[in-house]
Amino acid sequence: METLKKITASPLFLPLFALAVLLIFNIIFVDGFLTIEMTDDGRLYGRLIDILNRSSSLIILSLGMTFVIATSGIDISVGSVIAISSAVCCTLIGGSGDGTAEYPMILAMLAAVLAGVLCGVWNGLLVAKFKIQPVVATLILMTAGRGIAQLITEGQIITVYYKPFAYIGSSIPGNILPTTIFIAIAMILLVTFIIKKTSIGLFVQSVGINSTASRFTGINVTFVIFLVYAFSGFCAGVSGLIESSLIRAADANNAGLNMEMDAILAVALGGTLLSGGKFNIGGSVIGAITIQTLTTTMYALGVSSEQLPVIKAVAVIILCLMQSSKFRIMFNNWKSRNKVGPQGEKNFLMDEKAVNKA
Amino acid sequence: MNSKLRKLLNEAISSQYFSFFVTVILFLVLYAVGIMTYKGFMRPQVFFNLFIDNAALIIVTIGITFTLLTGGIDLSVGAVVALSCMILASLLQNTGVPVPVAVLAVLLLGIFIGGVQGYLITAFNMQPFIVTLAGMFFCRGLTAVISRETISITNDFYVSIASERIDIFGLGFISIGAVVALLSLFIAAIVLKYTKFGRTIFALGGNAASASLMGLPVFKTRIMVYVISGFCAALGGVVYSWIMLSGYTLHGLGMEMDAIASSVIGGTLLTGGVGFIPGTLFGVLIQGVILTFITFQGTLSAWWTKIVVGALLCIFIIMQALITERKSKLSSKSSIEAAKQ
Amino acid sequence: MGDLLLEMRQIDKVFPGVKALSGVDFTLRSGEIHSIMGENGAGKSTLIKVLTGVYPRDGGSIYMEGKPIAPRTPKEAQEEGISTVYQEVNLCANLTVAENIFIGRQPTKHGFIDWKQMNTRAQELLQKLNVDIDVTKTLDHYSVAIQQMIAIARSVDVSAKILILDEPTSSLDEQETQKLFTVIRRLKKQGMGIIFISHFLEQIYDLCEKITILRNGELVGTYDVAKLPRVELIAKMIGKDLSALKDFDKSEEKSVPSAEVFLDAKNISCIGKLNHMDVKIHKGEVMGFAGLLGSGRTETAELLFGINKITAGEIVVNGIKMSLDEPMKAMQQKIAFCPEDRKQQGVIGDLSVRENIILALQAKDGIFHHIPLKEQIIIADDCIKLLNIKVSDREQLIKNLSGGNQQKAIIARWLATNPELLILDEPTRGIDVGTKNEIQKMAVTLAKQKGMAVVFISSEMDEMIRTCSKLIVLRDRNKVAEIEGDAISSENVMRAIAGGDA
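Residues numbered from 1 in each chain as written. Chains lettered and ligands numbered in written order. Predicted model: local features only at pLDDT ≥ 70, side-chain atom pairs only at ≥ 80, totals over all residues. Heavy atoms only, no water.

*Asks:* Would you mind going over the interface of chain B and chain A with me for this structure?
*Replies:* When the parts of a complex come together, some accessible area is lost, and that lost area is often taken as the interface size. Taken together, the contact pairs 48 residues of chain B with 48 residues of chain A. It is B:Phe124, B:Phe137 and B:Trp303 in chain B that bury the most area against chain A; as a group they hold 17% of the surface buried on that side. Remark: the boundary between chain B and chain A carries 1 salt bridge. The salt bridge partner of B:Arg148 is A:Glu306, with a shortest N-O separation of 2.8 Å. The interface formed by chain B and chain A contains 4 residue pairs in polar contact (both at pLDDT 80 or more). Elements with a contribution of two residues or more to the side of chain B that touches chain A: α6 (99–123), α7 (128–146), α11 (208–213), α12 (218–244), α13 (255–265) and α15 (303–340) of chain B. (Contact = heavy atoms within 4.5 Å. Buried area = accessible area lost by both parts, 1.4 Å probe. Salt bridge = Lys/Arg side-chain N within 4 Å of Asp/Glu carboxyl O. Polar contact = N/O pair within 3.5 Å; in protein donor to acceptor, adjacent residues only side chain to side chain. Helix = DSSP H or I, 4+ residues; strand = E, 2+ residues; numbered from the N terminus.)

*Asks:* Sorry if this is basic, but what is going on with the pattern of salt bridges here?
*Replies:* For side chains bearing opposite charge, pairing can occur when the charged atoms are close. Residues and elements named next belong to chain C. For the structure shown, the criterion picks out 28 salt bridges over all chains. Across the pair Asp350 and Lys399 runs a salt bridge whose closest N-O atoms are separated by 2.6 Å. With Asp350 in the loop between α12 (342–346) and α13 (353–365) and Lys399 in the loop between α14 (373–387) and α15 (403–415), this residue pair connects regions lying 49 residues apart in the sequence. Taking relative accessible area as the criterion, Asp350 reaches 27% and is therefore assigned partly exposed. Note on Lys399: relative accessible area 45%, which makes it partly exposed. Here the salt bridges do not stand alone but share partners, grouping Glu285, Lys470, Lys479 and Glu482 into one network. (Buried < 20%, exposed > 50% of the residue type's maximum accessible area, 1.4 Å probe, protein only.)

*Asks:* Would you take a moment to explain the side chain of C:Gln407 for this structure?
*Replies:* All names here are of chain C. Its place among the elements puts Gln407 in helix α15. Judged by its relative accessible area of 1%, Gln407 falls in the buried class. One polar contact links Gln407 to Arg342, side chain to side chain, over a distance of 2.7 Å.

*Asks:* Can you help me understand the sheet that holds strand β2 (residues 18–29) of chain C in this one?
*Replies:* Within a sheet, adjacent strands bond to each other through the backbone by hydrogen bonds, running parallel or antiparallel. Residues and elements named next belong to chain C. Taken together, the 4 strands give an open sheet; going across it, the order is β2-β1-β4-β5, and neighbouring strands pair in antiparallel fashion. Because the sheet does not close on itself, it has two edges, and the strands there are β2 and β5 (67–69). Each adjacent strand pair in this sheet contributes to an overall mean axis angle of 25°, direction not counted. Judged from the 3 bridges that link them, strand β4 (residues 59–64) and β5 form a sheet pairing that is antiparallel. In the sheet register, Ile62 faces β5, and the bridge partner there is Ile69. The sheet strands contacting helix α1 (residues 44–51) are β1 (4–15), β2 and β4, and the helix crosses β1 at an angle near 115°. (Pairing = 2+ DSSP bridges. Axes fitted to C-alpha atoms, helices over the stretch in contact; angles between N-to-C directions.)

*Asks:* Would you mind going over empty space enclosed by the protein with me for this structure?
*Replies:* Empty space among the atoms becomes visible once a probe the size of a water molecule is rolled across them. With the rule as written, the count across this model stands at 5 cavities of 30 Å³ or more. Looking at the largest cavity, its volume works out to about 250 Å³. Taken together, 18 residues make up the lining of the largest cavity; nearest its centre are B:Leu213, C:Gln78, C:Thr84, C:Tyr86 and C:Ser155. For the lining of the largest cavity, the elements supplying multiple residues, two or more each, are α2 (74–80), β6 (82–85) and α5 (144–157) of chain C. Of the residues forming the lining of the largest cavity, the biggest block, 4 residues, is contributed by β6(C). (1 Å grid on protein atoms, 1.4 Å probe; cavity = no way out; pocket = protein on both sides within 12 Å on 5 of 7 lines; lining within 4 Å. Points joined across faces, edges and corners; volume = space filled by probe spheres on them.)

*Asks:* Whenever I open this one, the packing of aromatic side chains confuses me. Can you help?
*Replies:* The relative placement of two aromatic rings is captured by the distance of their centres and the angle of their planes. Per the stated rule, a full pass over the model turns up 27 aromatic pairs over all chains. Ring geometry for B:Tyr158 versus B:Trp242: centroids 6.4 Å apart, planes at 55°, classification tilted. Of this pair, B:Tyr158 sits in helix α8 (residues 156–163) while B:Trp242 sits in helix α12, placing them 84 residues apart in sequence. Both residues of the pair, B:Tyr158 and B:Trp242, belong to the buried class. Taking the ring centre of C:Trp115 as reference, the NZ or CZ of B:Lys193 above it sits at 4.4 Å. (Phe/Tyr/Trp six-rings, centres within 6.5 Å; stacked < 30°, edge-to-face > 60°. Lys NZ or Arg CZ within 6 Å of the ring centre and 35° of its normal.)

*Asks:* Looking at this model, I keep getting lost on α1(C). Mind explaining?
*Replies:* Along an α-helix, residues three or four apart share an orientation, since each turn contains 3.6 residues. Residue and element names in this part refer to chain C. Burial runs high along α1: 7 of the 8 residues are buried. Buried within α1 we find Lys44, Thr46, Leu47, Ile48, Lys49, Val50 and Leu51. A positive backbone phi angle near 80° is found at Gly53, which sits one or two residues after α1.

That is the geometry; function is a separate question.
So this is what it looks like as structure tokens:
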């Protein structure tokens, strides 16, 4: 019993449990879910590989989103930044039918990531310097971003015929696993390195938990907030490369569509509180894989990509309720059958102030 | 003389209507540029078209303004518009439900969605952006659940409402949608200025703690603004369906930002407590003028509107932030300055 | 003074872990101006919040004009005729003056708000208080002094029988205060009962007839102002019997300040926070800032640490003029500040004890010079041992520690930065006696053995007397005295604080 309690109390429990449920569901209902085969040219493929492949960009996105949410902020522009990044990359490589690249692919890739960083810097300035609410600041880029992407691609969907570009989304010849998995692992390692070798992780948590006390401790709160948005843009830039490579095109309207919700879900599922504070990178990674599995499972059940958001919306609300202290109080009261409803007029605003002002 | 001018300027900037003045002037300037650039701009119908084409946005903006006034936000409005259109189309085309009933059903749905969101936000202290973001995804997804294909509305009665033209002194015509929009503006302005409920909204947005201590019904009011926003989104959806005569999953995409932008450009402070309905009208009109410009121009893509609107929103928000910072610096000295006078 | 207006008997109020009020009695008559006094945590705010329906009471009874009442919301208290004007003027800056007065009860015509009538009535109400302003302008056009008048006008119009003024003069200057007092005296003549909460001694002696003193949630007593000398008042507030005080001044070996001046603050001030301060802090010295709540002690400390920027004067550290406009700049000058409100300004609740301890040091080292975990553990363990912090595990979340241990952890945080000046603002508030002693001893040891300059701010007189070799006395945001060496005694300090005719 004790060990069971310990396991369920662990923050990784929820995403792992959800993932396990989904995997079991798939194993039962989907033929050959666990089958992994080798192709003639030495690549592994199978449904599991496919899920890992597709969750890579979401994992990367969630890494950036985790830091932003940890500072009590949010970045809903990431989907549009993916569109911008893929537009930059594909435009620079060019869609010439003879399979050549206008600019060297490496340059195009760097430019795309740089575009992502610039978007992040833009968001960071608005939130950290001008103190604009994160949701509105990132809403601007969320809506205008796709327009910018359209401008870059001149309203076209640019299909890239340059062969090496596809290697990002699938695999480099000779490798058994898709490149995306390696990119995701590299990003996870990068973030782990950053957290272990610098104090940014500590500062981010500190700012999210109590920004006033953080200021009193000498932490440059403005800089920390700026940095997390810039990093989120960086992650979105990298994700953009993967997303466009997967379809070998830049589609300004559909690239990264709804991925902001997926990222937020992944982070919340992974144990990071949406109100900010301590974060859980491992949880976000598992959360991302879980959300991707959910998506794939839903598709397998016949739910279309436009309909899927309904389920995700419900999931987010449930997660938020679980994180809401008022809800937990209500729930506990209901469990002990005291029938105390949600607080009415009187204690509405007094709660938090009550005990401190004795 | 110089200090008097400075004082006047300070007064003007710190006035709550400063943003409104800027918006009106901006609108007039844009319109003037339009007239000078394109002959066609001179026709009165161009002006009336602003109301016809943007009727839905006007109504949705009114609703979102109510939530912004309390310091909240409603990101679901565009999705509710889409859902409304789809439900209307589906009901009118696939069932025998009469038009008034279908419209009523949609409006009730808007109230319900707003109520649920408002309750989650108020009772559980959940952040408005995440609840309404989820609402946005939910409603848009639900739209696709009803139908992934476009459903055209061919119901005769409905089409006749949509194509009804009301003559304005022989200079041109407007649509029923535009009339609904104007009526909504009027009612909203009255409610916000002349009812206790409206004034409580302002108090709540200005200082929620004070409002509570002054004995105002903070809990109820906060839920109500989301109900109103949901209702307006649904009503906007009805009007939108008169323009588009179809249900489609991509209707109203990005409308939430257009609405927020219009409201902010019209003088609503994102932090709450300040807003002016006539201002929000001009905010929408500016967007309309920009779009008209682009249409006249012919070569620029419609995406430019989104970018320009985004840029305008940015400028106005930064302007608001700077003015607020300046104001707080001024007021901390005010008690000493008052003594010197 | 007239009939009995309000009677509060044996009021109890309990919060989790704290008994905020215990058997408090309070009586108010009509036409009486009655002050409630007490230091921070004494219970004055709680008593008022119980009376005005912000908190429910846990015991006792309240009678209004003989009738028992139990207001459960501020609105109900208002309906009983009890109105409050809070220190942070609880009005809405974005609404007009007239609207602030009438919101929730605006005059209507045919169901719609009648703005014209509202404006006219507002104008009349304010003129009765000798305030002649444009009521159609928004509240933020006016100074805090005027805003308070508006708040009072609202309270009076809500047919208040009792007007509670909570620290009304904290943001006012001399002229504005006198205007306010004229208004209060006029209301008194009209038969209103007025409760005046303030820590400004001069003003209480000027305005009030009766004083009720609270300490640690209990009633010390109710006295006639005319019969209570200032020094006695302060003694009762801090809990010392005047005669018994003379025995307490036995001190251990205090530290002897070196001649070297670490920090020289020359005529510094900050608008709205501190009027004037001259202080030289020597190395190896334990200096105390004495004074009542709101006298400017914390404000001075915050200026020395860069939380706020001085608007006049200069700060010289080790002979070099410094612009301390943010905490990091002060930290780089080896200044450390342990703030007064440990919950809001000190403790990062969800982080571990270890993380809280090394946080300032890490901030100083910067983002890229990450202190390795092994080193963090050593630092944290050393601090835990040195300060005797009771933790089951250094990885424990700091929010789960007791108040005393949390405070020690925050002090440890600053000690870890190896400062040359350590400012401790109320380091022993809300802590058990044993820990209090430890902290006091530590302050002296740091000065004696490490040559650290220590500033010790405390509301408890005997603490400062025991530890400090020099006391700066503040009153009403000015420095009024400097007491050192043998002259340090509770009596001298209290006389300095009291000023006037003690």
